[in-house]
Amino acid sequence: METTETPLPPDNGGTVDTEAAERFTIQTREHGEWYLRKLANIDAERERITAQYQTMMRQNESDKSSLVSRYDSQFQNLVRVELEASKGKRKSITFFNGTAGFRTVASRLVIESEADALQTARLVAPDTITTETVEKFDKAAFRAHAQSLLEATGELLPGIKQTEERQEFGIKFPGAGKGTGGAQGGGEEAGDA
């Protein structure tokens, strides 16, 4: 049976033309390189998107802080003037993009310095302090313990299973963290993270 080599699918900015993809099969090293290049580009794009998102959020916070610093007192003054003009009929002013007003906040105690408050609480109100413990399961250490026991006694501990030796397919990209483990991702056993 003779196979005819199919050309690479056209590059449509990271997407694959469905019709062309149905005709395309990976048959040559060049095709394999095309596949790996596509996966690497998708992984790199994900990293760029994440980095860009973080940059954009920092810029957004900076823009907001700058805007509030520059205009908040002026805006409060505008709202105060409009509320006074309503002669007590309104408690807030409705704008197209939101509502603004003043409200009375009751006096209350606020912890200004947690370190100072904690030190004082130890002396005058020790019953207000509780100690919490968090149980953390070190899976790697437990697997090592179970492996030692299995080798010494042949006993397999409850909650542990021994998998059969197998071939696992994976792909690694230079400069990237973990490989993709094929298109599905992969690596550790389910429930083993």
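This one's a predicted model, so the numbers in the text were calculated from it and none came from an experiment.

Participant: Can you lay out the pairing of strand S4 (residues 98-101) for me, pointing to particular residues and giving the numbers?
Facilitator: Where strand S3 (residues 92-95) and S4 come together, four bridges link them in antiparallel fashion. Its bridge partner being in S4, Ile93 is matched across the sheet by Ala100. Linking two consecutive strands that pair antiparallel, namely S3 and S4, is a turn of two residues.

Participant: Quick rundown of the pattern of salt bridges? Include the residues and the values.
Facilitator: Evaluation of the coordinates by the stated rule reveals one salt bridge. With a shortest N-O distance of 3.1 Å, Asp43 and Arg46 are connected by a salt bridge. On the criterion of helical spacing, the pair formed by Asp43 and Arg46 is a turn pair, its members being three residues apart in helix H2 (residues 29-85).

Participant: Would you mind going over the environment of Phe142 in detail, with residue names and values included?
Facilitator: When you line up the elements, Phe142 lands in helix H4 (residues 139-153). Ignoring sequence-local partners within four residues, the contact set of Phe142 consists of Phe137, Leu157 and Ile160.

Criteria and cut-off values
- Residues numbered from 1 in each chain as written.
- Predicted model: local features only at pLDDT ≥ 70, side-chain atom pairs only at ≥ 80, totals over all residues.
- Heavy atoms only, no water.
- Pairing = 2+ DSSP bridges.
- Helix = DSSP H or I, 4+ residues; strand = E, 2+ residues; numbered from the N terminus.
- Salt bridge = Lys/Arg side-chain N within 4 Å of Asp/Glu carboxyl O.
- Contact = heavy atoms within 4.5 Å.

These figures come from the coordinates and say nothing about function on their own.
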